[in-house]
Amino acid sequence: MTRDLTTGSPMRLIAGFTLPTLLGLLFQQLYNLVDTMIVGKLLGSAALAAVGSTGSISFLVIGFCMGICNGFAIPVAQRIGAGEPSKMRRYVANAAYLGAGIAVVLTAATGLLCRTILTAMQTPEEIFADAYSYIFVIFMGIPASILYNLLAAIMRSLGDSKTPVYFLALASILNIGLDFAFILLFRAGVAGAAIATVLSQALSGLACLAFMVRRFPILRMQGAEKRFDLHSAKVLCWMGIPMGLQYSITAVGSIILQSAVNGLGTAAIASVAAGAKLFQLICCPYDAMGSSMATYCGQNVGACKLDRLGQGMRACAWLGLGYAVLAVGAMLLFAPQCAMLFLNQDEADLARLVSLTSQYITTLTAFFFPLALVNIVRFSIQGMGFSQLAILAGVLEMAARTVMGQVFVPLFGFTAACFASPVAWISADLFLIPAAILCIRHLRKLYPDRKSTRLNSSHTVISYAVFCLKK
């Protein structure tokens, strides 16, 4: 069930690994999109605005969970590359313990602070109740999110990017049925859409767990491998927490920007909500490329095949450029039609909503190549073991969105909101690209005999990350 990414053509390996990951992300976005489409068409633009106004808060918390899960999988990938299955299993066990603890703490904290956060974001009074109902249910489903994302990340680190797709496909079908059941049958409103999402993800996570227990013999633990190990926990936290914080720091900028958009009125909020959901769908290839590069670089660092790192990043960048050209062409032609997927034809201000949504998504896709580099380079750096550097890139993104939201949106309105994310991506690239070059150079200095040596288990991700910071 495992796959070796340390031999063979980087372009072929990355493309082959990315495709199943992409399909999985598309299924994941499918049931998010279904929520938005059903809410917009059945409950109206006000309900759509309520769901959209919570997007940045959701990304703040759920993104943190996803980042931690992806970070926990990097030591697993490195131990696979180094040929140390026992140490790999110890990391998997401790990742499970840490994931469970984080799920409990985050669920309790977000449930208590949910209303306070919405108030601080200046959520309009007319959509406040629906926004609270939706995001509260999403936060109560944090354990389900961590369960699935951690298991999927571990499978990908072992080289299996296909299996998570099957369970997400099942979750997507369930979500569509549950959406209609809770909204049309039980009249649960926007809370029903959130309940459908949480239940679907929980079932997907449980299915992944059952499959891994039966079909991954390499994960069967014995004796000390099952026990909590402080050293392994430290390594996991050293990798996972910075990756989670990187998502959250980026989300803080999105929250500040969303607060500025909230001041532009319900039409602007609904348009950004529809555009953001469409953006999440069409940028899935870049998320898949990022996940693939984290596993690819992790395994190759573990095997000490450092020359393959730059080769893989360049190959993936060409893939990203090709998709960027296709995406901007498609949105220039079909943005209004795509906007109508989320809008009700009976809306009083339909023409303006379509125009604003089209402007938003077309502006974002015009800058897709900088976004491609953000995902490819950032995840490559994290796969090498320098996840702390990703925090600095997140800080730059946060600063850019904050300036755009606090300074330019009040001056130039909706147009400035459209350019906020592209400015953030370019700011991050200006840091990430030189940082990636330096990381590879540091690893080459640390392991000069890299052609005949595997990464020694005594040189954990902590040791060479500290080495990088000292330099």
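Refer to the structure printed above.
Residues numbered from 1 in each chain as written. Predicted model: local features only at pLDDT ≥ 70, side-chain atom pairs only at ≥ 80, totals over all residues. Heavy atoms only, no water.

Asker: Help me out: how do you make sense of the pattern of salt bridges in this one?
Answerer: One side chain can pair with another of opposite charge once the charged atoms of both are near each other. Taken as a whole and assessed by the stated rule, the structure comprises five salt bridges. Note that R79 and E84 form a salt bridge whose closest N and O atoms lie 2.5 Å from each other. Judged by its relative accessible area of 18%, E84 falls in the buried class. Here E397 ties to R401 by a salt bridge, and the two come within 3.2 Å at their closest N and O atoms. Of this pair, E397 and R401 both sit in helix α15 (residues 388-412), four residues apart, which is roughly one turn of that helix. Across the pair, exposure class does not vary: E397 and R401 are buried alike. One network of salt bridges, with partners in common, ties together R378, E397 and R401. (Salt bridge = Lys/Arg side-chain N within 4 Å of Asp/Glu carboxyl O. Buried < 20%, exposed > 50% of the residue type's maximum accessible area, 1.4 Å probe, protein only. Helix = DSSP H or I, 4+ residues; strand = E, 2+ residues; numbered from the N terminus.)

Asker: Where do I start with unusual backbone geometry in this structure?
Answerer: Excluding glycine, residues mostly have negative phi values, and the peptide bonds linking residues are mostly trans. Positive phi outside glycine occurs at R187, with the angle close to 55°. With respect to the secondary-structure elements, R187 resides in the loop between α7 (163-185) and α8 (189-215). R187 sits in the exposed class, given a relative accessible area of 67%. The residue C304 is not glycine, and still its phi comes out positive at about 60°. Checked against the element boundaries, C304 lands in the loop between α11 (284-302) and α12 (307-339). Taking the relative accessible area as the measure of exposure, C304 reaches 0% and is therefore buried.

Asker: Help me understand helix α2 (residues 45-52) in this model?
Answerer: Every α-helical turn comprises 3.6 residues, leaving residues that sit three or four positions apart pointing alike. Counting buried positions along α2 yields seven of eight residues, so the element is predominantly enclosed. Restricting attention to buried positions, one finds in α2 the residues S45, A47, L48, A49, A50, V51 and G52.

Asker: Is there a simple way to think about the nonpolar core in this case?
Answerer: For soluble globular proteins, the rule of thumb is that nonpolar side chains tend to be buried together. If you look at the biggest cluster of nonpolar residues, it comprises 130 residues, and the most contacted ones within it are I142, F279, M293, L309, F368, I381 and M384. Of the residues forming this core, the biggest block, 13 residues, is contributed by helix α16 (residues 414-446). Residues contacting I142, with those up to four places away along its chain left out, are V61, I62, C65, A103, L106, T107 and T110. One finds M239, Y247, A294 and F379 within the second-largest nonpolar core, a separate group that totals six residues. (Core = buried A, V, L, I, M, F, W, Y, C linked by side-chain atoms within 4.5 Å. Contact = heavy atoms within 4.5 Å.)

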